Amino acid sequence: METIKEFWDDNIDNVIDTGVEVIIAILILIVGLWIIKRIVNKLGKVLTKNGVDETLMPTLKGFTKGMLTIMLLIFVVGRLGADTSAFVAVLGALGLAVGFALQGSLANFAGGILILVLKPFKNGDVINVNGETGSVQAISIVTTTLKTPDNRVIYMANGAVAGATITNITQEPTRRWDFVCGIGYDDDFDKAKEIIQGLIAADSRFHKDPAPFVRVGNLGDSSVDITIRAWVDTSEYWNVHFDMIENIKKEMDKAGISIPYPQRDIHVYNEK
């Protein structure tokens, strides 16, 4: 008993100091976790206010919370007198190893963040990327999902999407309809032009401003090519496209104007 009493008398100050440090560290941890929670919630409000995509929100908040929590734990451990340099070195090495192992996944992750922040397209847009055209069905942090007109579903890695040239076909409310109609060299060009202009004027889906353009665009090998440019609503583009091709064909046939196909003249010589 005397030995225990002597030990207690000799170390009471150290025990008290250590207890105080532990209590302070626990308080720092509790207060720090509370502050981190407030910061993450505030970050969520700021991101929402600035129009950041909802899909990106959990990832950004989770990453921020994780990094702040690690920093807090390192500070608390250091406050208790432990050497944190080795711990930081291990974390750095671990992070480097994970980075190399997940190089492709991290590229897709970064690409997803760029897409969700910059918003070159959104769900429902029709885009062309990497040679594929389709409507955007979903944008996740790693992949973008497209559905093609023939009902194929394509999952594209966001790293490839973010680094590619993206054509957003439906982003603008209007789109110019371009078409080339060839007629024979012996046909009446003025009559053909009048027919095309009449079809455009009769279709209310064409915009009056900018004014439609109907002019000779090229003198081809076997046809006079008439260039047609007129503006329509993007949602009506393909309906207008197919309707106009049919109507031009019908009206040209009625007027006796030919739409020629490529021809070649072959001369045969009979040499003795």
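Structure: see above.
So, how was this worked out
- Residues numbered from 1 in each chain as written.
- Predicted model: local features only at pLDDT ≥ 70, side-chain atom pairs only at ≥ 80, totals over all residues.
- Heavy atoms only, no water.
- Helix = DSSP H or I, 4+ residues; strand = E, 2+ residues; numbered from the N terminus.
- Buried < 20%, exposed > 50% of the residue type's maximum accessible area, 1.4 Å probe, protein only.
- Contact = heavy atoms within 4.5 Å.
- Areas by Shrake-Rupley, 256 points an atom, 1.4 Å probe, with all protein chains shown as cover.
- Pairing = 2+ DSSP bridges.
- Core = buried A, V, L, I, M, F, W, Y, C linked by side-chain atoms within 4.5 Å.
- Axes fitted to C-alpha atoms, helices over the stretch in contact; angles between N-to-C directions.
- Phe/Tyr/Trp six-rings, centres within 6.5 Å; stacked < 30°, edge-to-face > 60°.
- Lys NZ or Arg CZ within 6 Å of the ring centre and 35° of its normal.
- Salt bridge = Lys/Arg side-chain N within 4 Å of Asp/Glu carboxyl O.
- Patch = residues over 30% accessible without salt bridge, like charges linked within 9 Å, V, L, I, M, F, W, Y side chains within 5 Å.
- Lys, Arg positive; Asp, Glu negative; His and termini not counted.
- Charge placed at Lys NZ, Arg CZ, Asp CG, Glu CD.
- Expected span 1.5 Å × (residues − 1).
- Arc of directions from axis to C-beta.

Colleague: Just to check I follow, could you spell out the overall build of the protein for this structure?
Modeller: Broken down by element type, the protein carries seven helices and eight strands. The 272 residues of the protein split such that 24% are buried. Restricting the contact set of the protein to residue pairs at least 6 apart, pairs at least 24 apart contribute 63%. Carbon and sulfur atoms make up 59% of the accessible area of the protein, which amounts to about 18,400 Å² in all.

Colleague: It is not clear to me how the pairing of strand β1 (residues 126–129) should be interpreted in this structure. Could you clarify?
Modeller: Consecutive side chains along a regular strand alternate between the two faces of the sheet. Only one face of β1 is covered, namely the face carrying I127 and V129; the face carrying V126 and N128 is uncovered. Examined bridge by bridge, β1 and strand β2 (residues 132–139) share four bridges and lie antiparallel to one another. Bridge pairing links V129 to E132 in β2. As consecutive antiparallel partners, β1 and β2 are separated by two residues, and within that stretch N130 has a phi angle of approximately 55°, a positive value. Pairing geometry for β1 and strand β5 (residues 166–168), over three bridges, is antiparallel. Paired with V129 across the two strands is I166, which belongs to β5.

Colleague: I keep staring at the nonpolar core and nothing clicks. Help me out?
Modeller: For soluble globular proteins, the rule of thumb is that nonpolar side chains tend to be buried together. In this structure, F206, I228, M244 and M252 are the most contacted members of the largest nonpolar core, which totals 21 residues. Looking at this core, the elements with two or more residues in it are β6 (174–183), α6 (189–202), β8 (224–233) and α7 (237–254).

Colleague: I tried to follow the sheet that holds β2 on my own but got confused; where do I start?
Modeller: What holds strands together in a sheet is hydrogen bonding between their backbones, with the strands either parallel or antiparallel. Read from one edge to the other, the open sheet built from five strands follows the order β4-β3-β2-β1-β5, with strand pairing classed as antiparallel. Edge positions in the sheet fall to β4 (153–157) and β5, since each has one partner strand and no second. Ignoring which end each strand starts from, the neighbouring axes of this sheet average 40° apart.

Colleague: Can you walk me through the packing of aromatic side chains in this structure?
Modeller: Between two aromatic rings, the relevant description is the distance of the centres plus the angle of the planes. This model, assessed by the stated rule, comprises four aromatic pairs. Aromatic pair W177 and F206: ring centres 6.0 Å apart, planes at 55°, arrangement tilted. You can see W177 sitting in strand β6 and its partner F206 sitting in the loop between α6 and β7 (213–219), a full 29 residues away along the chain. Put simply, the rings of W177, F179 and F206 touch in pairs and so form one group of aromatic residues. Its guanidinium or amino end placed over the ring of F213, R229 lies 5.5 Å from that ring's centre, counting from NZ or CZ.

Colleague: Help me out: how do you make sense of the pattern of salt bridges in this one?
Modeller: For side chains of opposite charge, pairing can occur when their charged atoms come near one another. According to the stated counting rule, one finds nine salt bridges in the structure shown. Note that R152 is salt-bridged to D150, the shortest N-O span being 3.1 Å. Assessed through its relative accessible area of 40%, R152 is described here as partly exposed. Salt-bridge contacts for K254 lead to E251; the nearest nitrogen and oxygen are separated by 3.5 Å. Here E251 and K254 lie together in helix α7, a separation of three residues that amounts to about one turn. Connected through shared salt-bridge partners, D203, R205, E236 and D243 make up one network.

Colleague: Just checking my understanding: could you explain a positive patch on the surface for this structure?
Modeller: On the surface, a cluster of positive charge is made up of R38, K42, K45 and K49. Looking at the secondary structure, you find K42 in helix α1 (residues 2–49). Overall, the relative accessible area of 54% leaves K42 in the exposed class.

Colleague: What is the right way to look at α7 in this model?
Modeller: Because the α-helix completes a turn every 3.6 residues, residues three or four places apart line up on one side. With 18 residues, α7 extends 26 Å from end C-alpha to end C-alpha; this agrees with the ideal 26 Å at 1.5 Å per step. Buried within α7 are the following residues: Y237, V240, H241, M244, I248 and M252. Buried residues of α7, viewed axially, fall in a sector of 100°; they line one side. Buried residues belonging to α7 abut β6, α6 and β8. Among the residues trailing α7, G256 stands out with phi positive, at a value near 75°.

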